[in-house]
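Single-letter residue listing:
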Amino acid sequence: METIDKSTDRIIEIFAELNAIPRCSKNEAAVRQWAKLWAESRGFACKTDKYGNILISVPGKDHKPDAPTVVIQGHFDMVCEKSPDSDHNFTKDPIRLIREGEWIKADKTTLGADNGIAIAYGMALAEKNDISRPPIELLFTVEEEIGLNGAIEMENDFFRGTVLLNIDSGEEGIFIIGCSGGKNIKLILDIKKTAPPPAYETIAIAAGGFTGGHSGIDINKNRKNAIRVLATIAASLMKQYPIYIAGFSGGSASNAIPRDAMTIIVVPAAIKNEIKEKLDEEVDSICKALRKIEPSLYIKSEFTAVPEYILNKADSGKIINILCAFPNGPISMSEDFENVVDTSCNMAMVCFNGNKFEVLASARSPHQLGIKEVETSIRAIADMTSADIWTEEGYPGWIPAPDSSLIKRCMKVYREISGTEPKITTIHAGLECGVIGSKYPGLEIISFGPDIEGLHSPFERMNVASVERVWNFILKLMCSFAREE
Ligand SMILES: [Zn+2]
């Protein structure tokens, strides 16, 4: 293990400089100021929009008169995660870079290569005077990691470029040419609480240890939703016995596949042991059936104190029906790309909120029609159960254009440089490309980047050899824009 020598390479040097400035989402002012000073000291025009995104305009070098202006785009902010044994303070401590062979990592924290490497590439490119390049604009956004906020709030005519390179994808050799849009949708049911009938007892059931994962990226991996599994068990018991629901909760975030859920059921005392046995049987067979895809799954149940309130019979049935019928998982697959989900829904969180029962879901699709399909399903369930719907405005997707001249140019340059064919695909998650593209009709966009592993975790690391290869690709691409048709 050795600490990085700051003189090794200009890109890594800029990256290290950037990493000395804390930059969690919503805390980008200092890093923005640093970029501004960098631009001013080199005579580049620099402007900031009202939300805090910046644009630095860099003249071209040795280019044909009609070369397009190319936007190099990345986000300033980083996810701030650290190991439990780290005392790193993300508001004031620099991220420390550690070199391990070909890799750079941080000291028990996220590295911020997502997306500091885009900024380092952009600045290094602007500083490079011995190449042909078209005019470039460096577009650095804020608050990407907490909902693409900077891109959403960016003014419509902020930049002039007609081609945008988003350097925020962490796998070399893969060109991302499309992404899903998304929308959070909540179903809200008014419920009536009532006192439990006499001679009833209570069983608490907790399900946990599910694999979970990102509700977009991991939705094609057949992972089970803890809420759905528990609702299925409750539905089966409800069919056979007169039971009531006194509680149901699960999930932790709209963009995570739920890993835990719990419910409280109230059962007739006279047959409580029979019901418990039936429940144990059910649980046993579910755990056996899911052993392969959910190896750490557990479902525990125990008798507990009778609660003060329960749901009446009708509402008990309604909420279990809602949780069993709710759209969840992939809904359709892409026609153009293998193993890529087109439209999906993640039944993400369930809770009681006063006299309301709420189910929060995250719908994803590259096109509005897909989002609408999910919304219509949820609306239908709401109609059938007299529930209400609340929806977010959401963010737009990015519909792939594999035949665009940008994609063809990138593929040609990549082939020339590497001798291999790049992989073209889309991702089932939101990228700034979708949001920015929706504001600039006709803008050609691609997303790529060097190899970065362990994103958003203290295991994040970046491959230096890959940084160099992608740099060579960028230089050759610039030359192509500057000189070729
Ligand atoms: Zn990123």
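Keep in mind it's a predicted model, so treat the numbers as computed, not measured. (Residues numbered from 1 in each chain as written. Predicted model: local features only at pLDDT ≥ 70, side-chain atom pairs only at ≥ 80, totals over all residues.)

Caption draft 1: Just the overall build of the chain, in detail. On a plain count of helices and strands, the chain comes out with 11 helices and 24 strands. Dimensions of the chain along its principal axes, counting C-alpha atoms only, are 85 × 45 × 45 Å. The proportion of buried residues among the 485 residues of the chain is 46%. Restricting the contact set of the chain to residue pairs at least 6 apart, pairs at least 24 apart contribute 78%. (Helix = DSSP H or I, 4+ residues; strand = E, 2+ residues; numbered from the N terminus. Buried ≥ 20, exposed ≤ 12 C-beta atoms within 10 Å, placed from the backbone. Contact = placed C-beta atoms within 7 Å.)

Caption draft 2: Region of the structure containing the packing of helix α3 (residues 113–127) against helix α11 (residues 464–483). Where α3 contacts α11, the axes come no closer than 11 Å and their chain directions differ by 45 degrees. Between α3 and α11, the crossing angle belongs to the class labelled oblique. Note on packing geometry: the crossing formed by α3 with α11 is right-handed. Contact residues: α3 offers Ile117, Tyr121 and Leu125, while α11 offers Val467, Trp471, Ile474 and Met478. A breakdown of the residues in the contact of α3 with α11 according to their chemical character gives seven nonpolar, no polar and no charged. (Axes fitted to C-alpha atoms, helices over the stretch in contact; angles between N-to-C directions. Parallel < 35°, antiparallel > 145°, perpendicular 65-115°, else oblique. Left-handed = near helix turned anticlockwise from the far one by under 90°. Nonpolar A, V, L, I, M, F, W, Y, C, P; charged D, E, K, R; others polar.)

Caption draft 3: Fine view of the packing of helix α9 (residues 405–418) against α11. Taken N-terminus to C-terminus, the directions of α9 and α11 make an angle of 125 degrees; their axes are 10 Å apart at the nearest point. As the angle between them shows, α9 and α11 are arranged oblique. Handedness of the crossing formed by α9 with α11: right-handed. Packed against α9, whose contacting residues are Arg409, Cys410, Val413, Tyr414, Glu416 and Ile417, the element α11 presents Asn472, Phe473, Lys476, Leu477 and Ser480 at the interface.

Caption draft 4: Representation of the domain arrangement of the chain. Split by domain assignment, the chain resolves into domain 1 (2–180 + 398–483) and domain 2 (182–391). Using C-alpha coordinates to define each centre, domain 1 is positioned 39 Å away from domain 2. Opposite the 12 residues of domain 1 that make contact, domain 2 presents 15 residues. Those elements that provide at least two residues to the side of domain 1 that touches domain 2 are β9 (174–179) and β21 (423–427). Ranked by residues supplied to the side of domain 1 that touches domain 2, first place goes to β21 with three residues. Residues that form the side of domain 1 that touches domain 2 fall into these classes: six nonpolar, six polar and no charged. (Domains from an automatic or database assignment.)

Caption draft 5: Looking closely at the nonpolar core. Counting residues in hydrophobic clusters, the biggest one holds 78 residues, and the most contacted among them are Ile72, Ile117, Ala120, Tyr121 and Leu138. It is α11 that contributes the most residues to this core, 10 residues altogether. (Core = buried A, V, L, I, M, F, W, Y, C linked by C-beta atoms within 7 Å.)

Caption draft 6: Just α9, in detail. Helix length check: α9, at 14 residues, gives a terminal C-alpha distance of 20 Å against a target of 20 Å (1.5 Å per residue), a fit within 8%. A positive phi of about 75 degrees marks Gly419, the residue just after α9. (Expected span 1.5 Å × (residues − 1).)

Caption draft 7: Region of the structure containing the pairing of strand β18 (residues 341–353). Of all 13 residues that make up β18, 10 are buried, and the element is covered over most of its length. With four bridges connecting them, strand β17 (residues 329–333) and β18 associate as antiparallel partners. Of the residues in β18, the one forming a bridge with Gly329 is Cys345. Here nine bridges tie β18 to strand β19 (residues 356–365), and the two strands are oriented antiparallel to one another. (Pairing = 2+ DSSP bridges.)

Caption draft 8: The arrangement of unusual backbone geometry in detail. With omega at 15 degrees, the peptide bond leading from Asp114 into Asn115 counts as cis. Structurally, Asn115 can be placed in helix α3. Positioned with a positive phi, Lys26 is a non-glycine residue whose angle comes to about 80 degrees. Summarising the element assignment, Lys26 is placed in the loop between α1 (10–19) and α2 (29–41). Phi at His456 takes a positive value of approximately 65 degrees, unusual for a residue other than glycine.

Caption draft 9: A look at helix α5 (residues 226–240). Taking 1.5 Å of rise per residue, the 15 residues of α5 would be expected to cover 21 Å, and the 22 Å separating its terminal C-alpha atoms lies within 8% of that figure. Regarding α5, the residues found buried are Ala226, Ile227, Arg228, Val229, Leu230, Ala231, Ile233 and Ala234. In the core, the buried residues of α5 are packed alongside β12 (200–208), β13 (244–250), β14 (261–268), α6 (272–289), α7 (313–325) and β18.

Caption draft 10: Local environment of the environment of Tyr51. By the element assignment, Tyr51 lies in the loop between β2 (45–48) and β3 (54–58). Sequence separation of Tyr51 and Gly150 is 99 residues, and the distance between their C-alpha atoms is 6.5 Å. Contact partners of Tyr51, with chain neighbours within four places excluded, come to Val142, Gly150, Glu153 and Met154.

Caption draft 11: Representation of the environment of Glu201 in the model. Examined against the element boundaries, Glu201 turns out to sit in strand β12. Owing to 20 C-beta atoms within 10 Å, Glu201 belongs among the buried residues under this scheme. Between the C-alpha atom of Glu201 and that of Thr304, which follows or precedes it by 103 residues, the distance is 7.8 Å.

Caption draft 12: Expanded view of the environment of Trp390. As for its position among the elements, Trp390 is in strand β20 (residues 388–391). Counting along the chain gives 205 residues from Trp390 to Ile185, while the straight-line C-alpha distance between them is 5.9 Å. Setting aside residues no more than four positions away along its own chain, Trp390 makes contact with Lys186 and Ile188.

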